[in-house]
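Examination of the molecular architecture
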Amino acid sequence: MRFFKFTIFTALLVFLCFASTVSASSSTDVENQLNDQSHHLESPNNYIAYLKGEVSNGNELAAEGLEKFLSLDEKQQYAFVEALKQPEKMLEAISETGQSTINVDGIEVPAKITEEMEVTSSNTSYPINIMGSRTVTASQSIYVGNLKVTTIYSQVAFNTSGSRATSIITGNHWHSNINPAMIWNKQTSGSQSYMGNNNTRAYHRGDWTVYATGALGFINDSVRFYVSGDAVSRSKQFYSTHPNWSDYSWRSF
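Residues numbered from 1 in each chain as written. Predicted model: local features only at pLDDT ≥ 70, side-chain atom pairs only at ≥ 80, totals over all residues. Heavy atoms only, no water.

1. Section: the packing of aromatic side chains
On inspection of all chains with the given rule, the structure shows eleven aromatic pairs. Here Tyr194 and Tyr203 contribute two aromatic rings whose centre-to-centre distance is 5.0 Å and whose plane-to-plane angle is 0°, an arrangement assigned as stacked. Following the ring pairs from residue to residue traces out a cluster consisting of Tyr47, Tyr50, Phe69 and Phe80. Directly above the aromatic system of Phe253 lies the positively charged group of Lys236, at a separation of 5.1 Å from the ring centroid. (Phe/Tyr/Trp six-rings, centres within 6.5 Å; stacked < 30°, edge-to-face > 60°. Lys NZ or Arg CZ within 6 Å of the ring centre and 35° of its normal.)

2. Describing the nonpolar core
Core analysis: the biggest nonpolar cluster contains 25 residues, and Tyr47, Phe69, Phe80, Val149 and Ile178 have the highest contact counts within it. Contributions of two or more residues to this core are made by helix 2 (44–56), helix 3 (62–70), helix 4 (74–84), strand 2 (99–104), strand 3 (107–114), strand 5 (131–144) and strand 6 (147–161). For this core, the leading source of residues is helix 4, giving five residues. Judged by nonpolar contacts, the second largest core, of 20 residues, contains Val136, Ala138, Val156 and Val223. (Core = buried A, V, L, I, M, F, W, Y, C linked by side-chain atoms within 4.5 Å. Buried < 20%, exposed > 50% of the residue type's maximum accessible area, 1.4 Å probe, protein only. Helix = DSSP H or I, 4+ residues; strand = E, 2+ residues; numbered from the N terminus.)

3. With respect to helix 3
Taken together, the buried positions of helix 3 are occupied by Ala62, Gly65, Leu66 and Phe69. Along the long axis of helix 3, the arc covered by the buried residues comes to 100°, so they all point the same way. Where the residues of helix 3 are buried, they touch helix 2, helix 4 and strand 6. (Arc of directions from axis to C-beta. Contact = heavy atoms within 4.5 Å.)

Structure representation (structure tokens):
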């Protein structure tokens, strides 16, 4: 069923084991929040109401998600909502072969991994000693069916001279999510922008803590998503503490 493509932009999700752990009380608070949000997935109509609320809240995924969800038939909507309730099965399906399926009452929900990036520059030829600037953005997204339900971004902007990065302008990381069964918390304490590679390359490291519930219990993992670049190249790195979410080292894109 083509409507049910699970696509996860690879630069999405790498859970890194950071030094800090969530206290028992804060974990309980998050579990309570997930339980409170679970009613959004009790039926397709509940999810539609949730998406409409997210549109009003300015969630950048919600308007397109609502349009595509309404285009599904009744059985497809049901399968979609049930798939969102099973984050551990989503991860297992994706990690096994890079492309797999989840069965929801006889409806096969495919899962696969993809990725994308964005680069903007103030100059394109990079001759020696010519000054310029560049912004590099890497993103990863989870698709359930033909709906993008989660996207994370890591971005760094920097000044250039010839082929080199010379200084950081700014760095940032952020996310959008329309899966009530998962909570993404952006972390700022470990995240940073910095110069490296003998001060010729710009980097940004984005950290998140991700929470979810499912048939296998409470999930509490960390994601670290790097992006780097100079005037002529860019790369990214992804690491996760969850055993079913595959990491990768520096990769050009």
